[in-house]
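The chain contents come next:
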Amino acid sequence: QIQLVETGGELVQAGGSLRLSCTASGLIVSNYWMAWFRQAPGKEREFVATINWRGTITDYTDTVEDRFTISRDNNKNTTHLQMDSLKLEDTAVYYCAVRLGVVNTRGAAGYDYWGQGTQVTVSS
């Protein structure tokens, strides 16, 4: 059974940093695009970042560009999201996702497997 588990979310002060991790079981993530999405209360799930199977191509939404860094460790079947200079508007549940398709997409419908999410709360 394919399973994605996110860890690392917690309460953090604005301007601080967090490192989220997503570990997969049931598939070898080196074959696939992996991504992070987030969803705040009352809002739609939005794209945050994605990384290709080689780790050579990344894509970020404008609001996190230059603050967040997505990476992957295929030997550990894991992807990470390093979040620096956190802002209040970064507060959300963050979800890890896997895409089986060969071409990148920012749309949630393009991803095939999802984790249960980890809560990130940024306070003033």
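What comes next is a walk through the structure.

A short note on the side chain of Glu-6
- By secondary structure assignment, the location of Glu-6 is in strand S1 (residues 3–7).
- For the buried Glu-6, which has no salt bridge, the nearest side chain bearing the opposite charge is Arg-45, at an N-O separation of 7.6 Å.
- Within polar-contact distance, the side chain of Glu-6 engages the backbone nitrogen of Gly-117 at 2.8 Å.
- In this view, Glu-6 contacts Ser-21, Cys-22, Trp-36, Tyr-94, Tyr-95, Cys-96, Gly-115, Gln-116, Gly-117 and Thr-118; residues no more than four positions away in its chain are not counted.

Comments concerning the sheet that holds strand S8 (residues 78–83)
- One open sheet accounts for four strands, arranged S1-S3-S8-S7; its pairing is antiparallel. Each edge of the sheet is formed by a strand with only one pairing partner; in this case those strands are S1 and strand S7 (68–73). Between one strand axis and the next, the sheet turns by 15° as a mean value, whatever way the strands run.
- As paired strands, strand S3 (residues 18–25) and S8 are joined by six bridges and run antiparallel to one another. When the bridges of S8 are listed, Cys-22 appears paired with Thr-79.

What to know about the state of the cysteines
- For the structure shown, the criterion picks out one disulfide.
- Sulfur-sulfur distance for the disulfide between Cys-22 and Cys-96 comes to 2.1 Å. Across the S-S bond linking Cys-22 and Cys-96, the dihedral sits near -75°, which makes this disulfide left-handed. Taken as a pair, Cys-22 in strand S3 and Cys-96 in strand S9 (residues 92–99) lie far apart in primary sequence, 74 residues in all.
- On the accessibility criterion, Cys-96 (0% relative accessible area) is buried.

Criteria and thresholds
Residues numbered from 1 in each chain as written. Predicted model: local features only at pLDDT ≥ 70, side-chain atom pairs only at ≥ 80, totals over all residues. Heavy atoms only, no water. Helix = DSSP H or I, 4+ residues; strand = E, 2+ residues; numbered from the N terminus. Buried < 20%, exposed > 50% of the residue type's maximum accessible area, 1.4 Å probe, protein only. Lys, Arg positive; Asp, Glu negative; His and termini not counted. Salt bridge = Lys/Arg side-chain N within 4 Å of Asp/Glu carboxyl O. Polar contact = N/O pair within 3.5 Å; in protein donor to acceptor, adjacent residues only side chain to side chain. Contact = heavy atoms within 4.5 Å. Pairing = 2+ DSSP bridges. Axes fitted to C-alpha atoms, helices over the stretch in contact; angles between N-to-C directions. Disulfide = S-S within 2.5 Å.

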